[in-house]
Amino acid sequence: MATYSKQQLSGGSLGAPILVAATASTGTTIHATGTSATVLDEVWLYAYNSSSSAVLLTIQYGGTTSPNNDIKITVPSQSGLTLIVPGLILAGNGSAATSVYAYAGTTNVVTISGYVNRIA
């Protein structure tokens, strides 16, 4: 039977929001799975935009190939948390971790919060 455990995003510190500094690929690291191909990470991400204008955010989910790994969303200005990744599954490939990155149209105004449900 599978076990579930809630985990912090590996790209952050103590569960605090992660500031998106990158404005191009490869983005700011948000999360990296373990190396196992049989341990799944269910990823939940939310974005907050502190600027006075909407900002285009690109999530690079599981790789950096565009458009294959891109999730693009316009994050509204100062309107609380916006769901950007709704529990999508990600795993390592058996020998290396798989990562999630983010970059935004404006540097240092978008933060990413969230968690991972690890399924082993």
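Provided above is the structure to which this section pertains.
Quick caveat, the model's predicted, so the values are computed rather than measured.

Visitor: Mind showing me how you'd approach the overall build of the protein chain here?
Guide: Looking only at helices and strands, the protein chain has zero helices and nine strands in total. Against the 2.2 N^0.38 benchmark of 14 Å for 120 residues, the protein chain shows a C-alpha radius of gyration of 14 Å, consistent with a compact globule. The principal-axis extent of the C-alpha atoms belonging to the protein chain is close to 45 × 25 × 20 Å. Each of the 120 residues in the protein chain was classed as buried or not, and the buried ones make up 40%. The contacts of the protein chain with a sequence gap of at least 6 include a subset with a gap of at least 24, amounting to 77%.

Visitor: Any chance you could explain the pattern of salt bridges here in plain terms?
Guide: A side chain with one charge may pair with a side chain of the opposite charge, provided their charged atoms come close. For the structure shown, the criterion picks out one salt bridge. The partner of arginine 118 in a salt bridge is aspartate 41, with the nearest N and O atoms 2.7 Å apart. Remark: aspartate 41 occurs in strand β4 (residues 40–49) and arginine 118 occurs in strand β9 (residues 110–119); sequence separation between them is 77 residues. Among the residues examined, arginine 118 registers a relative accessible area of 24% and is labelled partly exposed. By relative accessible area, aspartate 41 is classed as buried at 1%.

Visitor: Before we go on, may I ask you to explain the packing of aromatic side chains in this structure?
Guide: Following the criterion strictly, the structure yields one aromatic pair and no others. Between tryptophan 44 and tyrosine 115, the aromatic rings sit 6.3 Å apart at their centres with planes inclined by 10 degrees, giving stacked as the arrangement. Taken as a pair, tryptophan 44 in strand β4 and tyrosine 115 in strand β9 lie far apart in primary sequence, 71 residues in all. Across the ring face of tyrosine 115, the terminal group of lysine 6 is positioned such that the distance to the ring centre comes to 4.2 Å.

Visitor: Would you explain the environment of serine 36 in this entry?
Guide: Relative to the helices and strands, serine 36 is located in the loop between β3 (28–32) and β4. Spatially, the C-alpha atom of serine 36 lies 25 Å from that of isoleucine 84, the residues being 48 residues apart in sequence. Excluding anything up to four places from it in sequence, serine 36 contacts Ala91, Gly92 and Gly94. Of the polar contacts made by the side chain of serine 36, one reaches the side chain of threonine 38; its length is 3.0 Å.

Visitor: Whenever I open this one, the side chain of serine 99 confuses me. Can you help?
Guide: Assignment of secondary structure puts serine 99 in strand β8 (residues 99–104). When its relative accessible area of 14% is taken as the criterion, serine 99 is described as buried. Among all residues touching serine 99, those that are not within four sequence positions of it are His31, Ala32, Gln60, Tyr61, Gly62, Gly63 and Leu90.

Visitor: Help me understand unusual backbone geometry, please; the structure alone is not making it clear to me.
Guide: The bulk of non-glycine residues show a negative phi, and the bulk of peptide bonds are trans. Omega for the peptide link from serine 25 to threonine 26 comes to -10 degrees, which places this bond in the cis form. Considering the arrangement of structural elements, one finds threonine 26 in the loop between β2 (18–19) and β3. Across the junction of serine 66 and proline 67, the peptide omega takes the value 5 degrees, indicating a cis bond. At leucine 14, a residue that is not glycine, the phi angle is positive and equals roughly 60 degrees. Note on placement: leucine 14 falls in the loop between β1 (4–7) and β2.

The rules we used
- Here the residue numbering is sequential within each chain, running from 1 through the sequence in written order.
- Totals for whole chains, interfaces and linings use all residues, but because this is a predicted model, local features are given only for residues with pLDDT of at least 70 and pairs of side-chain atoms are given and counted only at 80 or more.
- Water and hydrogen atoms were dropped before computing side-chain values, which therefore reflect all heavy atoms in the structure.
- Strands here mean DSSP runs of E at least two residues long; helices mean DSSP runs of H or I at least four residues long; both are numbered from the N terminus.
- Atoms counted for the radius of gyration: C-alpha only. Globule rule: 2.2 Å times residue count to the power 0.38.
- Buried, partly exposed and exposed residues are distinguished by accessible area as a fraction of the type maximum, computed with a 1.4 Å probe on protein chains only: under 20%, between the cut-offs, and over 50%, respectively.
- Here a residue-residue contact requires only that any non-hydrogen atoms of the pair lie within 4.5 Å.
- Think of a salt bridge as a Lys or Arg side-chain nitrogen and an Asp or Glu carboxyl oxygen that are within 4 Å of each other.
- The pairing test for Phe, Tyr and Trp rings, Trp by its six-membered ring, is centres within 6.5 Å, and the orientation test on the planes gives stacked under 30 degrees, edge-to-face over 60, and tilted for anything in between.
- Note on criteria: charge over ring means Lys NZ or Arg CZ within 6 Å of the ring centre, with the direction from the centre no more than 35 degrees off the ring normal.
- Think of a polar contact as two N or O atoms within 3.5 Å of one another; within protein, one of them needs to be a possible hydrogen donor and the other a possible acceptor, and neighboring residues in sequence only count if both atoms come from side chains.

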